[in-house]
Amino acid sequence: MSAATTQRSWYQRNKMTVTPLLFLLPGVLFFVIYVISPIIQSFNISLYDWDGLGEATYIGLGNYEELLTDRAFEISLWNNVKWLALYLLAVPAGLFIALFLNQTVVGIRLYKSLFFFPFVISQVVVGLVFSWFYLPREGLLNALLTFLGLDTVNILGDPTLATYGIIAAGLWPQTAYCMILYLTGLNAVDPEQIEAGRLDGAKGVRMLWHVILPQLKPATFIAFVVTIIGALRSFDLISIMTNGGPFGSTRVLSFYMFEKALSEYGFRMGYGSAIAVVLFLIMLVFIAYFLWSMYRDEQEARR
Amino acid sequence: MFPTPIEKRSRAAQISYQTLLPIALILWLLPLIAVALFSIRPLADFTNGNYWGMPSSFEFFTNYGKVFFESDMPRYMWNSILITVPTVIGAVALSTMTGFALGIYRFKGNLLIFFMFIAGNFVPFQILMVPVRDLTVSAGLYDTKLGLVLFHVAFQTGFCTLFMRNFIRALPFELIEAARVEGVAEWRIFWFVVLPLMKPAIAALAVLIFTFIWNDYFWAIVLTQGPDAQPVTAGITSFNSQFVAQYHLMSAGSIVAALPPVMMFFLMQRHFIAGLTLGAVK
């Protein structure tokens with residue numbers, strides 16, 4: 001009886017600490033098991049030579065040394081840079097389409113939805129749709145080029161063009177995403193400031209740059225975050241459209257890692273993990289920056 | 001409103017805008033329109049090289065019928081549903097709780113845990129791949145839907161927590177304080193005060209997570225193989241090797257595979273967009 005009372009009063013005294021911990025427990029547990037601890041394990045595995053089944057042999061930084069002279073790794077890394085740089089075009093392109101569609105004519109809502117629509121389709125289907133679009137004989141692109149009297153191109157079969165062809169496919173849904181972010185942002189732009197800008201004689205591009213864009217900052221921030229993460233995560237399109245080829249010219253780190261660790265090229269878990277660690281460290285730079293900006297906002301909100 | 005509303009511009013501007021809209025849309029959706037047109041053609045058109053002229057016959061029902069009755073597509077679709085729906089329920093359930101804890105209570109490490117969820121949500125999948133695959137294999141869950149569901153729930157909890165916590169932060173805190181003054185137990189505050197207010201956030205997340213999980217391809221090929229457990233994104237590659245070079249069937253198959261999230265989007269548009277903008281852009 002008395003034990004029950006003390007137990008209850010202990011809970012009463014500490015309920016503001018215990019309650020949140022109990023609520024957090026299941027979510028944190030799942031997250032630690034499936035996300036946090038695998039990250040640490042991957043760092044560890046990258047120090048071993050391991051086929052995923054037999055004994056793992058510790059080789060220190062051996063895998064990383066091998067990466068330094070691996071030509072395929074170099075191509076993948078370089079392709080990641082291309083992805084990152086070109087994928088960011090989705091942000092201005094999205095803004096452009098959002099400005100084009102930010103009107104109130106009849107049926108505009110349906111237009112907005114249909115412009116957004118590529119984002120909802122899985123990347124697998126986007127990849128298929130574009131690889132058929134690019135087909136040398138059956139594809140619509142070459143049909144149009146022939147119609148215009150131009151030479152036909154085999155985009156995905158050409159090692160110098162293939163990566164750009166895939167990035168173009170990726171830009172399609174990503175632009176739609178940025179567009180919807182900006183459309184929502186434009187909705188919230190303060191009309192009084194626009195009016196004040198008009199009175200000051202600001203028009204067109206100057207109005208956009210000095211009055212509108214500063215107010216769209218939250219949308220721009222999220223557009224950059226999702227586009228950068230999306231660019232570095234690109235995998236599905238490459239796997240579907242070229243499977244890394246022709247001649248490995250379209251590999252990126254995420255795809256090369258998968259190839260090394262889990263495909264017919266062998267099960268080199270340690271080497272694959274080393275590639276994953278490199279990709280992770282690149283992304284960590286961006287993640288740290290995002291977290292830092294969010295932390296600043298938190299501090300401001302608290303004040 | 002910016003740019004200047006077209007109604008306030010000249011008649012010529014209005015007319016050119018109205019004509020430009022459908023043209024821009026057709027150009028934008030061109031690759032998709034091409035696939036839709038392929039999917040209603042007969043095989044003969046492809047062998048005769050008639051890709052873009054009038055279809056020699058209209059084979060909508062034959063082609064889509066084949067997808068539904070002569071392939072594994074319905075099985076893959078069913079798998080996708082059995083993977084997606086439990087994931088949505090699991091991730092939303094876990095994150096309402098974590099979001100509540102992180103949004104309402106002040107305690108040491110609150111922000112740290114919150115940032116752990118956000119950071120984890122942004123990591124590349126490849127850094128998780130080898131250990132998660134091992135974990136799934138050793139739990140005997142490789143090539144099962146449950147194995148995929150458990151991972152998806154865990155990973156999506158990161159994103160959902162970010163969303164839920166920010167949503168709860170924006171709720172009027174006085175409501176909770178008032179309940180506490182009345183002596184309402186904390187879990188009852190969660191259940192009877194906070195949860196009903198979170199309905200819009202739950203709806204937004206549910207639609208969004210449904211789309212994310214339905215469209216997942218990477219984890220599907222890492223954690224499953226074969227038609228017993230594979231969702232439609234992974235299954236479509238086997239479907240395509242079954243109907244190699246039969247573009248009318250492959251097109252129809254892709255359209256079927258893409259359809260559920262599209263329908264979800266058109267039905268729940270407002271929630272979907274609220275979710276995408278992370279609630280940060282209002």
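What comes next concerns the included structure.

**Re the overall build of chain B**
When its secondary structure is counted, chain B shows 15 helices and zero strands. Its C-alpha atoms give chain B a radius of gyration of 24 Å, more than 25% over the compact-globule value 19 Å for 282 residues. Projecting the C-alpha coordinates of chain B onto the three principal axes gives extents of approximately 80 × 65 × 30 Å. In chain B, buried positions account for 55% of the 282 residues. Taking the 17 positively charged and 13 negatively charged side chains of chain B as two groups, their mean positions are separated by 11 Å.

**Thoughts on empty space enclosed by the protein**
Applying the stated criterion to the full structure yields two cavities of 30 Å³ or more. Here the largest cavity is characterised by a volume of approximately 1000 Å³. The computed volume of the second largest cavity comes to approximately 50 Å³. In terms of lining, the second largest cavity is formed by V129, W132, F133, E138, G139 and L140 of chain A together with A34, V35, F38 and W52 of chain B. Those elements that provide at least two residues to the lining of the second largest cavity are α6 (123-134) of chain A together with α2 (30-38) of chain B. Among the residues forming the lining of the second largest cavity, the class breakdown is eight nonpolar, one polar and one charged.

**Things to note about the nonpolar core**
The nonpolar side chains of soluble globular proteins are, as a tendency, buried together. Ranked by size, the top nonpolar core spans 197 residues in total, and within it F116 and I212 of chain A together with L128 and W219 of chain B carry the most contacts. The element best represented in this core is helix α8 (residues 162-187) of chain A, accounting for 14 residues. Taken together, domain 1 (6-63) and domain 2 (69-276) of chain B each give at least three residues to this core, which thus spans both.

**Things to note about the pattern of salt bridges**
What the rule picks out here adds up to 10 salt bridges over all chains. Among the ionic pairs, E74 of chain A bridges to R71 of chain A, the shortest N-O distance being 3.5 Å. Here E74 of chain A pairs with R71 of chain A, and both are found in helix α3 (residues 71-87), just three residues apart, close to one helical turn. Among the salt bridges present, the one from R75 of chain B reaches D228 of chain B, with a minimum N-O distance of 2.9 Å. Here R75 of chain B, found in helix α5 (residues 73-104), pairs with D228 of chain B, found in the loop between α12 (218-223) and α13 (232-242); they are 153 residues apart in sequence, far enough to count as distant. Through salt bridges with shared partners, a single ionic network connects E298 of chain A together with R165 and R169 of chain B.

**A look at the environment of A257 of chain B**
Residues and elements named next belong to chain B. Mapped onto the elements, A257 comes out in helix α14 (residues 247-267). Taking C-alpha positions, A257 is 16 Å from P31, a pair spaced 226 residues apart along the chain. With residues near it in sequence (within four places) discarded, A257 still touches M77, W214, V232 and I236.

**Re helix α6 (residues 110-122) of chain B**
An α-helical segment advances 3.6 residues per turn. Residues three or four places apart therefore align on the same side. Residue and element names in this part refer to chain B. Compared with the 18 Å implied by 1.5 Å per residue over 13 residues, the 19 Å span of α6 between its first and last C-alpha is a close match. Summarising burial for α6: 10 of the 13 residues are buried, a large majority. Buried residues of α6: N110, L111, F114, F115, F117, I118, A119, G120, N121 and F122, and no others.

Criteria and cut-off values
- Residues numbered from 1 in each chain as written.
- Chains lettered and ligands numbered in written order.
- Predicted model: local features only at pLDDT ≥ 70, side-chain atom pairs only at ≥ 80, totals over all residues.
- Heavy atoms only, no water.
- Helix = DSSP H or I, 4+ residues; strand = E, 2+ residues; numbered from the N terminus.
- Rg over C-alpha atoms; globule rule 2.2 N^0.38 Å.
- Buried < 20%, exposed > 50% of the residue type's maximum accessible area, 1.4 Å probe, protein only.
- Lys, Arg positive; Asp, Glu negative; His and termini not counted.
- Charge placed at Lys NZ, Arg CZ, Asp CG, Glu CD.
- 1 Å grid on protein atoms, 1.4 Å probe; cavity = no way out; pocket = protein on both sides within 12 Å on 5 of 7 lines; lining within 4 Å.
- Points joined across faces, edges and corners; volume = space filled by probe spheres on them.
- Nonpolar A, V, L, I, M, F, W, Y, C, P; charged D, E, K, R; others polar.
- Core = buried A, V, L, I, M, F, W, Y, C linked by side-chain atoms within 4.5 Å.
- Domains from an automatic or database assignment.
- Salt bridge = Lys/Arg side-chain N within 4 Å of Asp/Glu carboxyl O.
- Contact = heavy atoms within 4.5 Å.
- Expected span 1.5 Å × (residues − 1).

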